[in-house]
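Structure at a glance
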Amino acid sequence: MLATLLIFVPVAAALVLWVVPVAREVAGGLALLVALVEVGLWIVALVQFDFADDRLQLDAEQEWIGDLGISYHVGFYGWSLWLAGLTAVVCAAAIGFALWAGRDRARAYYGLMLFLLGSIAGVFASQDLLLFYVFFEAMLIPLYVLVGVWGGPGRVRATVVLVIYTMAGSLLMLASVVAFGVTEGTFSLADAGTSENDWIFLGFMVAFAIKAPIFPFHGWLRAAYTESPPEVAAVLSGVVSKAAVFGLVAIVLPHFPEPVADFRGLVLTLAAVGLAYGSLLAFRQPDVRSVVAYSSMGQMGLITLGVFAVNDLGLDGAVLHSVTHGLISASLFLLAGMVIMRCGTDAFAELGGMAKGRPLLATVVMTAGILALAVPGSANFAGEFLILAGVFDHGWGYAVVGATGIVLAAMYSLRLISGILHVRRGPRVTDEARDLRPYELALVVPLLACLLVLSAWPAAISEHSFPDDQPERAVAEATAP
Amino acid sequence: MIDTPSVDWFALSPVLALLGASAVCLLSAVLVPALARRTVAAVVAGAGFVTAGVLACLVFDASADAELQIAESMTRDRLAALAQVILAGAGALAVLVSWGSKRRSHVGEYYSLLAAAGAGMLFFVQAGNLMTLFLGLEWFSIALYVLCALDTEREGSLEAGLKYLIVGSFGSGILLFGAALTYGATGELGFNQIREATGASDPLFVTGLAMMLAGLAFKASAAPFHMWTPDVYQGAPTPVTAFMAAATKAAALVVTLRLLTVAFPEQEAMWTAAVAVLAVASLAIGNLAALAQRDVKRMLAYSSVSHAGFMLIAIAADNELGAQALLYYLIPYAAMSIGAFGVVAARERELGVDVTLERLEGFGWERPFFGAAMWVFMLGFAGFPLTGGFLGKFYVFAAAFESGWWWLVIVGALATALSLYYYLGVVRAMYMRPGAAGARAIVAGGSPPFDPALAVAVGVSVAVTIGSFVFGGPLLDLAQEAAEVLPFS
């Protein structure tokens, strides 16, 4: 029941906003309220959740299309509940930011944001393959408009590239969904068996590789992240990319153990290349949002390494790092948005020296940057460490590349910090560019506070995700001689 | 001495209701004063379609067992009844779309012809032998030829009418020739008798099959028999285009399905391959040509060609799932077609000129309801979830996969990816163009008139498009009951 509420409360609110002509402030306030209710619902779910139990919880099932075995079936496992929580928190911050930035055509805008929130929650809750596909696609509809209408000058091109990339992947996945479901006679993730078919596996993999993105499927990334409004970029990189993680862990690992074993080397290699390449690109980018965009690509590579390690350490690390990366990447995009509101740009060439006279901004950016570079002791470090320890089982080479990625992360994070805060004062940094306002602090500080709590207690997630080692066992059995 | 066959008036009642409405409309052109003529004719035609739809529902309910009527020339079964419900619904929506058009002359004739075309289609999908099949085809075609050319003061309309007449007659001729060859080879006209009489690969017989398939493909505007489609769709009055896009295609595809599966099961290896080729050609040509269009009606015409391709995949699958997929697909497809052309009609009436993508600029923000509705239709055409278009495509793919046509699934998926560019192009044009360019579209004569009938038609289309997704289960069950009458091995 709670899973259903998490999906349909925001969707219903979106419909209300679209239909009822309310004033702009009311629309924004209502949207923020609903997003906070969503966070509240998630906390209730967290309290009710029994992490010792490995079964699906908080679930609801309703037959939808009987003859092909398709049902509306939602619920959470420990690890997917964390992703749902990430969604609620990041979306609430993003909607709060939009309220602050004052987006025009408010009813359409906030309705779309809430619709996006509901569909992402649906992705993380769905336990039926077709339902998953439905939500996976439904995410794209609001994103398309949010980027295309409220985005930057190159927004139309960015949306075309985004849609063509993601839909090309999604339609291959649809073919795979059809093939898998019809062969199995059911679309239920719990009831469906395993498949040895490499082609079906590849259909799913390509879709998730584009969504993540994993090298070499990242062509849409920079335009989409930099042309969208900062808060939409926050949701896109922080949360939407995690739909790929959900797909890999919920669909690919349990249902395609043999292809996973066969293709593991290739996927791990691409993920490692993506990590190194994305991090290098991040280091070379001329503006804040591009740095965060490519760092996201690198971190998604790292998460994929963890998932395809297919062992306890790797998977726990992947979930933990999904959450921490989601939080940090959203914080950085929102901070970039705040800088843009002050200086009109986020290009390093025109920024710099903002620390002077702006202690709050300096502190927050510094904290976020330090967390992003995964300093030992931070939650991000914990996640990376688990992933590297997990992937070490499959070859020290991957772990070496992973460790290199951490070094590169330090490089681009420090460049990011100093590019905004230090060096000489940039031409666009005027005295009118004031320090962070209390409202802005209220948006970013909770995200960073979550990260600090997780830094103190990473086991909150890493030991409350997979009560048993089911995915690991399935693949191990398939590869056993 | 020929015995008079007994007539099942109940099974014929939907057709008769529409024929009656058509006759009353025609009389109204003479008897009703000009002032009230539009209201009377439109209400009568609308009532005719609604009555036909209700009667078809009753027939559906009462026809659990398929039977042949009137000397085995007509069928009474759920397949025909479901198709009739869809067709009647499309007709009723077309009447609503027509209501607000600025037509001054031939109002009574217009609605009369619309009802007559509807009656012909309802008759057509009930056909049980080659004679009634051809009769139904000509019946609705002739009505449509005239409807296309009815805007006599517009050159485009006359061109559309003439083109449709010539090409359509050619298609009918081919169909008739094919029917004659089939009759020559088997000595039978009834679908069931043809099945029993088949002489394997008699060249005469095979040629007849091929020509009938080609003739029906003309009507369904499947490539390579689609050449008339863009010109006719663009030139015909928009409400007529809406009706043709939804209803003609539905009728032609349902009859194709019935004819091939009932009369020619022995030749299935041959015709499934042929239909698959038609499907691929339609998907390729329809989508590629649509990419280049600037005129929205023309673009939608090519999109309808590509949708014929999708539905032909369902026929090529040659299994019950495929028949179910086709019948389900027609429901959201008909709603989306009428709705999309309805929105085009709204813009057309605002501007007084043909609607191109450039002239849609800012439309989404000016008319939020129509804009959002167009969004829904475009997403539905593109097969996005939350619309029935998605479930339709999904079922088509599932059916194709079940009969081993996995490469058709891939082709369909690629075609869908391609189609996104132009479907979302409409959305881009409506919402995302830079404001300055919007000045080029000047609304003719102040603020647009409020047209409640059109708003209702578009609203119902949206409701059906989304509702057929949410209530996909029950609708697919209905489609399955209809598909069960076909003799799949």
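These numbers come from a predicted model, not from an experiment. (Residues numbered from 1 in each chain as written. Chains lettered and ligands numbered in written order. Predicted model: local features only at pLDDT ≥ 70, side-chain atom pairs only at ≥ 80, totals over all residues.)

Quick notes on helix α11 (residues 242-255) of chain A
All names here are of chain A. Threshold: Secondary structure elements follow DSSP: runs of H or I no shorter than four residues count as helices, runs of E no shorter than two count as strands, and numbering proceeds from the N terminus. By this rule, a helix spans an expected 1.5 Å times one less than how many residues it contains. Here the bend at each residue means the angle between axes fitted to two seven-residue stretches, the one ending at that residue and the one beginning there. Exposure is read from a count of other C-beta atoms within 10 Å of each residue's own; the residue is exposed at 12 or fewer, buried at 20 or more and partly exposed in between. C-beta atoms are placed from the backbone.
Its 14 residues give α11 an end-to-end C-alpha distance of 19 Å, which sits within 8% of 20 Å, the value for a rise of 1.5 Å per residue. In the structure, α11 departs most strongly from a straight axis at L248, where the bend amounts to approximately 35°. Counting buried positions along α11 yields 13 of 14 residues, so the element is predominantly enclosed.

Some points on the interface of chain A and chain B
It is common to give the size of an interface as the accessible area that goes away when the parts come together. Put simply, the test is: By the criterion used throughout, residues are in contact when their C-beta atoms, derived from the backbone, lie within 7 Å. Side-chain classes are defined by residue name, with Ala, Val, Leu, Ile, Met, Phe, Trp, Tyr, Cys and Pro counting as nonpolar, Asp, Glu, Lys and Arg as charged, and the others, Gly among them, as polar.
On the side of chain B, 24 residues touch chain A, which itself brings 26 residues to the contact. Top element by residues in the side of chain A that touches chain B is helix α7 (residues 155-184) of chain A. It accounts for twelve residues. Residues that form the side of chain A that touches chain B fall into these classes: 21 nonpolar, two polar and three charged.

Some remarks on the packing of helix α12 (residues 257-284) of chain A against helix α13 (residues 288-309) of chain A
Residues and elements named next belong to chain A. Test applied: Each axis is a line fitted through C-alpha atoms, taken for helices only over the stretch in contact, and angles between the N-to-C directions span 0 to 180 degrees. These descriptions rest on fixed angle ranges, namely under 35 degrees for roughly parallel, over 145 for roughly antiparallel, 65 to 115 for roughly perpendicular, and the rest for oblique. Should the near helix be turned counterclockwise from the far one by less than a right angle, the crossing is left-handed, whereas a clockwise turn marks it as right-handed.
Where α12 contacts α13, the two axes come as close as 7 Å, and the packing angle between them is 155°. Comparing the axis directions of α12 and α13 gives the class roughly antiparallel. Seen from above, α12 lies across α13 with left-handed handedness. Here R264, V267, L268, A271, A272, G274, L275, G278, S279, L281 and A282 of α12 lie close against α13, whose contacting residues are V291, Y294, S295, M297, G298, G301, L302, T304, L305 and F308. Of the residues that constitute the contact of α12 with α13, the class distribution is 13 nonpolar, seven polar and one charged.

Things to note about helix α13 (residues 320-351) of chain B
All names here are of chain B. With 32 residues, α13 should reach 46 Å at 1.5 Å per residue; the first-to-last C-alpha distance of 47 Å fits that figure. Its axis deflected by about 25° at L330, α13 carries its strongest bend there, up to four residues before the proline P332. The element α13 is extensively covered by neighbouring structure, given that 29 of its 32 residues are classed as buried. Among the residues trailing α13, G352 stands out with phi positive, at a value near 75°.

Re the confidence of the model for chain A
The following threshold applies: pLDDT: the predictor's confidence for each residue, scored from 0 to 100.
Across chain A, the average pLDDT comes to 89, with 97% of residues at or above 70. Across chain A, the secondary-structure element scoring lowest on mean pLDDT is helix α20 (residues 470-479) of chain A, at 57, and the one scoring highest is helix α4 (residues 106-125) of chain A, at 94.

Details of the pairing of strand β1 (residues 57-65) of chain A
Residues and elements named next belong to chain A. Spelled out, the test is: We treat two strands as partners when DSSP finds at least two bridges between them.
Sheet analysis places β1 next to strand β2 (residues 70-76), joined by six bridges and oriented antiparallel. Directly across from I65, in β2, lies its bridge partner I70. Hairpin connection of β1 to β2: four residues between the antiparallel strands, including G69 at a positive phi of 70°.

Here we look at unusual backbone geometry
Of all residues except glycine, most have a negative phi; of all peptide bonds, most are trans. In this structure, the amide linkage connecting F215 of chain A to the following residue, P216 of chain A, adopts the cis form with an omega of 0°. Looking at the element boundaries, P216 of chain A is found in the loop between α8 (198-211) and α9 (221-227). Note the cis peptide between A223 of chain B and P224 of chain B, where omega equals 0°. The residue P224 of chain B is located in the loop between α8 (203-220) and α9 (228-235) in this model. The phi dihedral of L58 of chain A falls on the positive side, at around 55°, and the residue is not glycine. Here L58 of chain A lies in strand β1.

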